[in-house]
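One letter stands for each residue in the lines below.
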Amino acid sequence: MSIHLTDKEAEIRESRLGSITNFRGGARELCMKSQAGTLVNEERRFTQCTSCSSTTAVCQLSMIQDAAVVNHAPLGCAGDFSSFNFTNRNGQVKRGMKLQNAHLLSSNLRERDMIYGGAERLKTALREARDRFAPRAIFITASCSSGIIGDDLESIASEAEPGLGVPVVPIHCEGFRSGVWATGFDAAYHGILSKIVKPAQNKRQDLVQIVNFWGSDIFTNLLGRIGLKVNYLVPFATIEQLEHLSEAAAIAQICPTLGTYLGVGLEQDFGVPEVKAPPPYGIAGTDAWLRALGRVVKREKQVEALITEEKIRIGPELDKLREQLAGHSGFVGAGAGHGHGILCLLQDLGLKVAGACVWHHDPCLDSGDPEADSLSHLVNNYGDMPFGVCNKQSFEMANMLHHLHPDIFIVRHHGMAVWGAKLGIPTFLMGDEHFAVGYQGLLNYGHKIADTIANPAFINNLASHSRLPYKPWWFDSDLDAFPGGEWF
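Computed from a predicted model, the values in this text were never measured in an experiment.

Procedures and definitions
- Residues numbered from 1 in each chain as written.
- Predicted model: local features only at pLDDT ≥ 70, side-chain atom pairs only at ≥ 80, totals over all residues.
- Heavy atoms only, no water.
- Helix = DSSP H or I, 4+ residues; strand = E, 2+ residues; numbered from the N terminus.
- Rg over C-alpha atoms; globule rule 2.2 N^0.38 Å.
- Buried < 20%, exposed > 50% of the residue type's maximum accessible area, 1.4 Å probe, protein only.
- Contact = heavy atoms within 4.5 Å.
- Areas by Shrake-Rupley, 256 points an atom, 1.4 Å probe, with all protein chains shown as cover.
- Lys, Arg positive; Asp, Glu negative; His and termini not counted.
- Charge placed at Lys NZ, Arg CZ, Asp CG, Glu CD.
- Axes fitted to C-alpha atoms, helices over the stretch in contact; angles between N-to-C directions.
- Parallel < 35°, antiparallel > 145°, perpendicular 65-115°, else oblique.
- Left-handed = near helix turned anticlockwise from the far one by under 90°.
- Phe/Tyr/Trp six-rings, centres within 6.5 Å; stacked < 30°, edge-to-face > 60°.
- Lys NZ or Arg CZ within 6 Å of the ring centre and 35° of its normal.
- Polar contact = N/O pair within 3.5 Å; in protein donor to acceptor, adjacent residues only side chain to side chain.
- Salt bridge = Lys/Arg side-chain N within 4 Å of Asp/Glu carboxyl O.
- Pairing = 2+ DSSP bridges.

(A) Seen up close, the overall build of the chain. Scanning the chain from N- to C-terminus turns up 21 helices and 13 strands. Relative to the globule expectation of 23 Å for 488 residues, the C-alpha radius of gyration of the chain, 23 Å, shows essentially globular dimensions. Overall, the chain is about 65 × 60 × 45 Å in size when its C-alpha atoms are taken along their principal axes. For the chain, the residues scored as buried account for 59% of the 488 residues in total. Within the chain, contacts between residues at least 6 apart in sequence are counted, and of these 75% link residues at least 24 apart. Only carbon and sulfur atoms are counted for the fraction: they give 51% of the accessible area of the chain, which is about 19,600 Å². Across the chain, the 44 positively charged side chains and the 53 negatively charged ones have centroids separated by 5 Å.

Structure follows, in structure tokens:
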């Protein structure tokens, strides 16, 4: 499968990958339908909430350390700027970097601009970004409003670029373009690949690009043991680092939901081999990821030695955790690739999977390689399990948790964690995606899960004082009947 960097924007996931946001059934059924090409998205007749592809684009671009982001939108779309700034500063502390704020501005579109056009406001914001931040590049992120009025971001950027003296990169991430907000990642990477990355001058056989969110630095030590150096993408990188992405020996992901577009783009247009493997979560996933990396960078023997050493190291502690967690059940709510990985990890720890729900599903990845299919990896190695796809519909998640009532709810995103807690289910919210990576990640998660289950006092107290917005009839309803339309 190919992408087209000469196009002005990334093709959305629904048409490029056949992605869906609604499914109820089993993991094996979802796998089989994906592989057979028979998967069809069921439209909801009622939607309570969702996320936005503009937000996912900004979340990556705002943490490029010497770039600026101008969100061409009304001021309300800047409501999440503070959270990205916090994440940026928190990550800088973890990485031992100089502490600074994210370089974010809004063009502040108003009612008059929605009638007469917002080009002048955008030009003013671009000059302000240059004067205030002195960035090495400026990214313009589109919004529903700028898309509706049809502002020509390409022309505005081209006109402004000579006077600003830095690349000005339009990012077409309007929220209404796609029901799969991960399309925003693709939009951001499309801009980086087409306007920032340069052809390689000097190839480095010891450098690996790791596509991540903002997790702690665990790969420097892990991959350093086999003689590799690591560069993280895109958060906390600089424009200079992004310019030299093509010089690496490989590009690897910890989440195919995040990195599928960037991985295939670097391989297809710049000759950087993509490591095609499931995410490195759980024993089988970490084995496969490290071995695939070893083949690409020609370090197979070093990788096998590393795998053996790590398994010996964690063995006794892992046995104790399995004994401690035996008989407990867990439910996972997360983005697709990360969620698949955590489900592998739970079963390696000996927990029963009560159920799972991911925020969307890609039937295939841009590489088209089955070895990188994280859901197939999950089913092939751990068997079938109750499985759903739900784009953060709180009413659906609350219903599932009420019926299944697992011993622990493991969730990736803040807005969904509250429902487990309000229902009296011990809930584990994890923001650092690297906490679970590799063989050490098994131990990290095992201890955290054991501690969360053993100390339910806060959750019980919270649940006893919480008044849920959903009526008993909803909790007593069979979610499988929805969205047939009987209730709405």
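(B) Quick peek at the packing of helix α13 (residues 282–297) against helix α16 (residues 374–382). Direction vectors running N to C along α13 and α16 enclose 125°, while the axes themselves pass 10 Å from each other. Classified by the angle their axes make, α13 and α16 are oblique. Seen along the crossing, α13 lies across α16 with a hand that is right-handed. Between α13 and α16, the contacting residues are I283, A284 and G285 on the first element and H377, N381 and Y382 on the second.

(C) Layout of the packing of aromatic side chains. All chains considered together, the criterion is met by 12 aromatic pairs. For the ring pair F428 and F435, a centre distance of 6.4 Å and an interplane angle of 80° mean the geometry is edge-to-face. Cluster of aromatic residues (ring-pair linked, three or more members): F185, F213 and W214. Geometry around Y232 places R95 over its ring, the cationic atom sitting 4.3 Å from the centre. Above the ring of W419, the side-chain terminus of K422 is found at 5.4 Å from the ring centroid.

(D) Summary view of the side chain of T427. The residue T427 is located in strand β13 (residues 427–429) in this model. A polar contact is formed between the side chain of T427 and the backbone nitrogen of A421, at a distance of 3.3 Å. A distance of 2.8 Å separates a polar side-chain atom of T427 from the backbone oxygen of I425. Discounting residues that sit within four places of it in the chain, T427 has contacts with F409, V411, A417, G420, A421, T452 and I459.

(E) Structural context of the pattern of salt bridges. Summed over the entire model, instances satisfying the criterion amount to 26 salt bridges. When the shortest N-O distance is used, the salt bridge between D319 and R322 registers 4.0 Å. A residue pair is termed a helical-turn pair when its members lie 3 or 4 positions apart in one helix, as D319 and R322 do in helix α14 (residues 300–325) at three residues. Given a relative accessible area of 31%, R322 falls into the partly exposed group. The network of salt bridges with common partners includes R13, R16, D186, D362 and D366.

(F) The sheet that holds strand β4 (residues 137–141), seen in detail. On the basis of which strands lie adjacent, the open sheet formed by four strands has the order β3-β2-β4-β5 and parallel pairing. Looking along the sheet, the strands with just one partner apiece sit at the ends: β3 (104–106) and β5 (168–171). Pairwise comparison of adjacent strand axes, ignoring direction, gives a mean angle of 20° for this sheet. For β4 and β5, the ladder comprises four bridges, and the chain directions are parallel.

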